[in-house]
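Overview (structure and organization)
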Amino acid sequence: MNDTRPLAVVTGASRGIGRELAALFAVDGHDLVLVARSPALDDAAAELESSGVSVTPVHADLRTEAGVRAVYEAATAGGRVPAAVALNAGTGIGGAFVDADPEELLAVVDVNVRSTVHLARLFLADMVRAGSGRLLFTSSVVSLMPGPYQAVYNASKAFVQSFTDGIHDELSDTDVTVTSMLPGATDTHFFARAGMLDTLLGKGPKDDPARVAKDGYDALLRGDRRVVAGSLLARSMAAFGALAPDAVTGAVHKVLARPRSGG
Ligand SMILES: NC(=O)c1ccc[n+]([C@@H]2O[C@H](COP(=O)([O-])OP(=O)(O)OC[C@H]3O[C@@H](n4cnc5c(N)ncnc54)[C@H](OP(=O)(O)O)[C@@H]3O)[C@@H](O)[C@H]2O)c1
């Protein structure tokens, strides 16, 4: 690590939107602390290190408090305060709520909600003391609507959205910025991992994760409150979620997320 370069932390950087965010930080000359569990993280780190910045991969499971602590310790080693943190790691679970494994449901809450609050608390306190810093949260357009057949995931993103809006306002008279990015359906491993490939959402059109990440990154640099990231489809979903009654958005989501192979 080089103390003269700014440091960026990206969670969920082994693939998908997080990997694209990490690439954008690298292009802008940030050293990187990248977080995920799988070996794909090392490939991402090696690729980005070849662009001339220092990259520290942290293999941490954000379902656990030990994982959260490991990320914070790696990022703040030597007393450094990151210039930017992207709390992007997230996971979903589709299918009927009453048939789901309770442990898998709670893992979604642990990663998407608990680790996000914990890491935000740790990093934001340092940034406020240092008098600068930028935080980006990956929310979702589905934060704006009920989530039949994906209820815990949508609720987790509704939490992230409300939480982000709250701390954005709380810190508005500081030089620390808090931005949320709301992607629509994006072409990553997300739907396969959530067991949702047999849904209309899983089979439908998706945005390029590079485009989504760029919209979020630009909003972070501007210090925007929130950005709907991606195509017209994502923006249409966000407008629908914001303007239509919950009974209507929930009914549409039920059709889009219902498993077609039974469920
Ligand atoms: N794809 C979409 O349609 C979409 C739409 C709106 C919002 N989002 C949000 O975008 C964010 C990124 O998702 P993505 O679409 O890029 O999906 P993805 O390709 O599945 O990537 C998810 C990332 O999160 C990491 N992760 C998951 N569980 C983790 C854990 N327990 N500990 C540490 N890291 C963990 C994964 O790393 P490892 O597997 O290597 O641990 C991976 O790097 C998520 O917050 C997701 O909810 C996605």
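All values reported here derive from a predicted model rather than from experimental measurement.

1. Concerning the site of the ligand
- Surveying the vicinity of the ligand reveals 31 residues, the closest of which are Arg37, Ser38, Tyr153, Thr188 and Arg193.
- Residue Thr186 places a main-chain N or O atom 2.8 Å away from an oxygen atom belonging to the ligand.
- Between Thr188 and the ligand, the recorded distance is 2.6 Å, taken from a side-chain N or O atom to an oxygen atom.
- Taking 880 Å² as the accessible area of the ligand by itself, protein coverage stands at 98%.
- Comparing atom positions with the cavity grids shows the ligand to sit within the largest pocket.
- Broken down by secondary-structure element, the contributors of at least two residues to the shell around the ligand are α1 (16-27), α5 (151-170) and α6 (190-193).
- A per-element tally of the shell around the ligand places α6 first, with three residues.
- Grouping the constituent residues of the shell around the ligand by class yields 12 nonpolar, 13 polar and six charged.

2. Let's talk about the packing of α1 against helix α2 (residues 40-49)
- Where α1 contacts α2, the two axes come as close as 10 Å, and the packing angle between them is 20 degrees. Of the possible angle classes, the one that applies to α1 and α2 is roughly parallel. The two elements α1 and α2 cross, and the hand of that crossing is right-handed. Within the contact between the two elements, α1 uses Arg19, Ala22, Ala23 and Ala26 and α2 uses Ala40, Asp43, Ala44, Glu47 and Leu48.

3. Observations regarding unusual backbone geometry
- Residues other than glycine seldom take positive phi values, yet Tyr149 does so here, at roughly 70 degrees.
- On the secondary structure map, Tyr149 appears in the loop between β5 (133-138) and α5.
- Accessibility expressed as a relative area gives 19% for Tyr149, which makes it buried.

4. A short note on the sheet that holds strand β4 (residues 84-87)
- Taken in spatial order, the seven strands line up as β3-β2-β1-β4-β5-β6-β7 in an open sheet, and their pairing is parallel. A strand with exactly one partner marks an edge of an open sheet, and here the two such strands are β3 (55-59) and β7 (226-229). Each adjacent strand pair in this sheet contributes to an overall mean axis angle of 15 degrees, direction not counted.
- When strand β1 (residues 7-11) meets strand β2 (residues 31-36), the two strands line up parallel, connected through five bridges.

5. So, helix α9 (residues 232-243)
- If you check α9, its first and last C-alpha atoms are 16 Å apart, about what 12 residues at 1.5 Å a residue would give, namely 16 Å.
- For α9, the set of buried residues is Ala234, Met237, Ala238 and Gly241. What you see down the axis of α9 is that its buried residues fit within an arc of 100 degrees, all on one side. Seen from the buried face of α9, the exposed residues on the opposite side, beyond 90 degrees, are Leu232 and Leu243.
- On the buried face of α9, the contacting elements are β7 and α10 (246-257).
- With a side-chain oxygen lying 3.2 Å from the backbone nitrogen of Leu233, the N-terminal cap of α9 falls on Ser231.

6. So, the packing of aromatic side chains
- Scanning the model with the defined rule gives six aromatic pairs in all.
- A centroid spacing of 5.2 Å and a plane angle of 90 degrees characterise the contact between Phe190 and Phe191, whose relative ring orientation is edge-to-face. The pair formed by Phe190 and Phe191 is uniform in burial state, with each residue classed as buried.
- Clustering of aromatic rings is evident, with ring pairs tying together Phe137, Phe159 and Phe163.
- Above the face of the Phe191 ring, Lys206 is positioned so that its terminal group lies 4.9 Å from the ring centre.

7. Some remarks on the environment of Glu20
- With respect to the helices and strands, the residue Glu20 is situated in helix α1.
- For Glu20, a relative accessible area of 29% corresponds to the partly exposed category.
- Note: C-alpha distance between Glu20 and Lys214 (194 residues apart in sequence) is 7.9 Å.
- If we ignore the near neighbours within four places in the chain, the residues touching Glu20 are Pro209, Ala210 and Ala213.

What counts, and at which threshold
Per chain, residue numbering runs from 1 following the sequence as it is written. Since the coordinates come from a predicted model, pLDDT governs what is reported: local features require at least 70, and pairs of side-chain atoms require 80 or more to be given and counted, while whole-chain, interface and lining totals use all residues. Side-chain numbers here rest on the full set of heavy atoms in the structure, without hydrogens or water. Nearness of a residue to a molecule or strand requires only that one of the residue's heavy atoms be within 4 Å of it. Whenever two N or O atoms come within 3.5 Å, that pair is a polar contact, provided that in protein one can donate a hydrogen and the other can accept it, and provided that, for residues adjacent in sequence, both atoms are side-chain atoms. Each accessible area is a Shrake-Rupley estimate made with a 1.4 Å probe; only the visible protein chains count as cover when residues are assessed. Think of a 1 Å grid over the protein atoms and nothing else: a 1.4 Å probe that fits but is trapped marks a cavity, an open set flanked by protein within 12 Å on at least five of seven lines marks a pocket, and residues with an atom within 4 Å of a point count as lining. Assignment of a molecule to a cavity or pocket requires that more than half of its atoms lie within 2 Å of the corresponding grid points. The helix count covers DSSP runs of H or I at least four residues long, the strand count covers runs of E at least two residues long, and both are numbered beginning at the N terminus. Each residue receives one of three labels: charged for Asp, Glu, Lys and Arg, nonpolar for Ala, Val, Leu, Ile, Met, Phe, Trp, Tyr, Cys and Pro, and polar for the others, Gly being one of them. Angles shown run from 0 to 180 degrees and are taken between the N-to-C directions of axes, each axis being a line fitted to C-alpha atoms and, for helices, limited to the stretch in contact. Here roughly perpendicular refers to angles of 65 to 115 degrees, roughly parallel to angles under 35, roughly antiparallel to angles over 145, and oblique to all remaining angles. Note on convention: near helix rotated counterclockwise from far helix by under a right angle means a left-handed crossing. Clockwise means right-handed. Pairs of residues are marked as contacts when any of their non-hydrogen atoms sit within 4.5 Å. Relative accessibility under 20% of the residue-type maximum defines a buried residue, over 50% an exposed one, and the middle range a partly exposed one, all with a 1.4 Å probe and only protein chains included. Two strands pair under a simple rule: DSSP has to find at least two bridges between them. For a helix, the expected span equals 1.5 Å multiplied by the residue count minus one. It is the directions from the helix axis to the C-beta atoms whose arc is reported. Here is the rule: rings of Phe, Tyr and Trp (six-membered ring for Trp) pair when centre to centre is within 6.5 Å. Planes less than 30 degrees apart are stacked, more than 60 are edge-to-face, and the remainder are tilted. A ring is considered to have a charge above it if a Lys NZ or an Arg CZ atom is located within 6 Å of its centre and within 35 degrees of its normal.

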